[in-house]
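# Observations on chain architecture
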Amino acid sequence: MTHTDENSDPVLDEVLSSVLRRNPGEPEFHQAVREVLESLGRVIAKHPRYANNALIERICEPERQIIFRVPWVNDKNQVEINRGFRVQFNSALGPYKGGIRFHPSVNLGIIKFLGFEQIFKNALTGMPIGGGKGGSDFDPRGRSDAEIMRFCQSFMLELHRHLGEYTDVPAGDIGVGGREIGYMFGQYKRLTNRYEAGVLTGKGLVYGGSLARKEATGFGAVYFVDRMLTSRGDSIEGKTAVVSGSGNVAIYTIEKLQSFGGKIIACSDSNGYIVDEDGIDLALVKEIKEVRRQRISEYARLKGGRSHYVEGGSIWNVPCQIAMPSATQNELTGKDAKTLIENGVIAVGEGANMPSTPEAVRLFQQAGVLFAPGKAANAGGVATSALEMQQNASRDSWSFEQTEARLAEIMRNIHDRCATTADEYGAPGDYVLGANIAGFVRVAEAMDAMGVI
Ligand code: NDP
Ligand code: 2IT
């Protein structure tokens, strides 16, 4: 381990080497486990019982991993095969909860890293949800609506037997939004002959969805960054910001940053990024991405003015005071971090899951940049999913204002819990340590109480 002595512990070193040995070829999973274990030395020193009964080994081992074939027929009447995954990682705090990702890069190691992160994220929300994640290496890009529907139906044909509102409750992630959740919910309902609204979240508003769920991850991440800044007498108002991605999380991050008075000058997709010195026109981004489903390069073509498109390259070369990586894992490297620091960044809030490499995180922290790790900063999405489950269970639906007020309160609590935990364990300002320890302690307490399971 590369951590300092204070965070070191022989038990943790042994757990890490066993995770590396037993899960070969899964670098993202190794990265996520290493980061959490590196935070736990101080907890074990204070509460040695958390290291008993192989509790930490058990946390690193998924309760169940499901891998399945997804055959489907494309518009040319050809059969295509994809691979489906659901990793049911930990149910100590509630039913497995976490999104489904459709992206060609999906493999077991990526789903395991996401599921592992989800355990601690969900614990941080304070809500009764365990951790899980799923997905497929299906590439939705360029597929017709009918192809997306047939794929979702085939995916659910296998997955449905592993789900249930008290068992496992998926939602969206990369490549899975309202349209895909609708197709999957329809198929689940048909296969089970049950209107079990609480089995999926991120549903459409007319069939059991929650107001503010669509906005929740991005809004929540901005609430977190706002609280980091205000707790130091600063604010978002008047600051320049760069948000990577232009999907669900990025769009609503931009919206909330703008409403807090920030000026967002760049966003991206996997092909390149756009810069608009006049500030991003969010209505245009929404039209391009949510309605037309086109590439972000269209923005510069349609908007003109002081906007331009850069094919490839790194969006982190654009100088800004607030950086919110909201696309995918390891999209912000050590080199990018150096550039951002040289350009005067003061706060980084991770909207995506694990978007900064370990080297980038280290550099930000060493430079005194406020750094909000994904498992804390992007927890507003899953927290609002839990609010959707609450509304489904009580056959109620709340107003946008009421739901957003709950989200804002939850994000405030997560921020404060991370900050006070970091203080308590002698690392003030270290939100990574605070988030990992606060999330871990809640899961560990529940697992300890339930015996060896
Ligand atoms: P979307 O599919 O809506 O958007 C993803 C965005 O990221 C797109 O702009 C996409 O570009 C870009 N992107 C995806 N993969 C890559 C890649 N390999 N390289 C470069 N760019 C890429 O997904 P979301 O906005 O929902 O998710 C974004 C991130 O936020 C993910 O890390 C996800 O796990 C995380 N997250 C999502 C939550 C949610 O509620 N949706 C909750 C918490 C975290 P392109 O269109 O070109 O692929
Ligand atoms: O990474 C995440 O937290 C999500 N994709 C949202 C999960 C959820 O169940 O709402």
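Below or above, wherever it landed, is the structure these notes cover. Just so you know, these numbers come straight off a predicted model, no measurement behind them.

## Re the packing of aromatic side chains
Summed over the entire model, instances satisfying the criterion amount to 19 aromatic pairs. With centroids separated by 5.7 Å and ring planes inclined at 70°, the aromatic side chains of Phe224 and Tyr431 adopt a geometry described as edge-to-face. Residue Phe224 is found in helix 8 (residues 213-230), and its partner Tyr431 is found in helix 17 (residues 431-449); the two are separated by 207 residues along the sequence. Exposure remark for Tyr431: the relative accessible area of 2% places this residue in the buried category. An aromatic cluster is defined as three or more aromatic residues linked by ring pairs; in this entry it consists of Phe68, Trp72, Phe102, Phe138, Phe151 and Phe155. Its end group placed over the ring of Tyr425, Lys46 keeps NZ or CZ at 4.6 Å from the ring centre. Sitting over the ring of Phe219, Lys256 keeps its end group 4.4 Å from the ring centre.

## Details of helix 7 (residues 178-192)
Between its terminal C-alpha atoms helix 7 stretches 21 Å, which fits the 21 Å expected from 15 residues at 1.5 Å a residue. If you check which residues of helix 7 are buried, you get Glu180, Ile181, Tyr183, Met184, Phe185, Gln187 and Tyr188. Residues of helix 7 that are buried in the fold lie against strand 3 (96-102), helix 6 (145-159) and strand 5 (168-172). Asn193 sits one or two residues past helix 7 and shows a positive phi near 55°.

## Focus: the sheet that holds strand 5
Strand order across the open sheet formed by 5 strands is 1-2-4-3-5, with mixed pairing between neighbours. Where the open sheet ends on each side, the last strands, each with one partner, are strand 1 (64-73) and strand 5. The sheet shows a mean angle of 20° between the axes of neighbouring strands, direction not considered. With 10 bridges joining them, strand 1 and strand 2 (residues 79-90) adopt antiparallel strand pairing. The residue bridging Arg69 from the neighbouring strand is Arg83, located in strand 2.

## Structural notes on the site of ligand 1
Inspection of the region around ligand 1 gives 25 residues, with Asp173, Thr217, Ser270, Arg295 and Asn353 positioned closest. One nitrogen or oxygen atom from the main chain of Ala327 is found 3.3 Å from an oxygen atom belonging to ligand 1. For ligand 1, an oxygen atom lies 2.8 Å from a polar atom in the side chain of Asn353. Protein chains bury 83% of the 890 Å² of accessible surface belonging to ligand 1 in isolation.

## Regarding a nonpolar patch on the surface
Together, Val73, Val79 and Ile81 give the surface a local cluster of nonpolar side chains, amounting to about 260 Å² of exposed area. If you trace the backbone, Val73 turns up in strand 1. With a relative accessible area of 32%, Val73 lands in the partly exposed category.

## A few points about the site of ligand 2
In the vicinity of ligand 2, 14 residues are found, and the nearest of them are Lys97, Lys121, Lys133, Arg213 and Ser385. At 3.0 Å, a side-chain N or O of Lys133 approaches an oxygen atom of ligand 2. Take Arg213: an N or O atom from its side chain is 2.9 Å from an oxygen atom of ligand 2. Computed on the free molecule, ligand 2 has an accessible area of 300 Å², of which 93% lies beneath the protein chains in the complex. The set of elements that each furnish at least two residues to the shell around ligand 2 consists of strand 3, helix 5 (108-124), strand 5 and helix 15 (379-393). When grouped by side-chain class, the residues that make up the shell around ligand 2 number 2 nonpolar, 7 polar and 5 charged.

## Considerations on the environment of Glu445
Along the chain, the position of Glu445 falls in helix 17. The exposure class assigned to Glu445 is partly exposed, which follows from its relative accessible area of 34%. In this structure, the C-alpha to C-alpha distance between Glu445 and Tyr50, residues 395 residues apart in sequence, is 8.1 Å. Ignoring anything within four residues of it in the chain, the contact list for Glu445 reads Arg49 and Tyr50. Engagement of the side chain of Glu445 in a polar contact is seen with the side chain of Arg49, the distance being 2.6 Å.

## Observations regarding the environment of Gly334
With respect to the secondary-structure elements, Gly334 resides in helix 12 (residues 334-342). When the C-alpha atoms of Gly334 and Ala372 are compared, they prove to be 16 Å apart, with 38 residues separating the residues in sequence. Every residue in contact with Gly334, bar those within four places of it in the chain, is listed here: Thr357, Glu359, Ala360 and Leu363.

## Notes on the sheet that holds strand 11 (residues 347-349)
Pairing between the strands of a sheet is mediated by backbone hydrogen bonds and can be parallel or antiparallel. Across the sheet, 7 strands lie side by side as 9-8-7-6-10-11-12; this open sheet has mixed pairing. With one partner strand each, in any of the chains shown, strand 9 (307-311) and strand 12 (370-372) form the two edges of the open sheet. Mean inter-strand twist for the sheet, computed between neighbouring axes without regard to direction, equals 15°. Sheet topology places strand 6 (residues 240-243) next to strand 10 (residues 322-324); 3 bridges connect them, and they run parallel. Each bridged residue has a counterpart across the sheet, and for Ala241 the counterpart in strand 10 is Ile322.

## With respect to unusual backbone geometry
Unlike most non-glycine residues, Ala54 shows phi in positive territory, near 50°. Topologically, Ala54 is positioned in the loop between helix 3 (41-46) and helix 4 (55-59). Taking the relative accessible area as the measure of exposure, Ala54 reaches 33% and is therefore partly exposed. Unusually for a residue other than glycine, Ala212 sits at a positive phi of about 75°. Assessed through its relative accessible area of 4%, Ala212 is described here as buried.

Criteria and cut-off values
Residues numbered from 1 in each chain as written. Chains lettered and ligands numbered in written order. Predicted model: local features only at pLDDT ≥ 70, side-chain atom pairs only at ≥ 80, totals over all residues. Heavy atoms only, no water. Phe/Tyr/Trp six-rings, centres within 6.5 Å; stacked < 30°, edge-to-face > 60°. Helix = DSSP H or I, 4+ residues; strand = E, 2+ residues; numbered from the N terminus. Buried < 20%, exposed > 50% of the residue type's maximum accessible area, 1.4 Å probe, protein only. Lys NZ or Arg CZ within 6 Å of the ring centre and 35° of its normal. Expected span 1.5 Å × (residues − 1). Contact = heavy atoms within 4.5 Å. Pairing = 2+ DSSP bridges. Axes fitted to C-alpha atoms, helices over the stretch in contact; angles between N-to-C directions. Near = heavy atom within 4 Å. Polar contact = N/O pair within 3.5 Å; in protein donor to acceptor, adjacent residues only side chain to side chain. Areas by Shrake-Rupley, 256 points an atom, 1.4 Å probe, with all protein chains shown as cover. Patch = residues over 30% accessible without salt bridge, like charges linked within 9 Å, V, L, I, M, F, W, Y side chains within 5 Å. Salt bridge = Lys/Arg side-chain N within 4 Å of Asp/Glu carboxyl O. Nonpolar A, V, L, I, M, F, W, Y, C, P; charged D, E, K, R; others polar.

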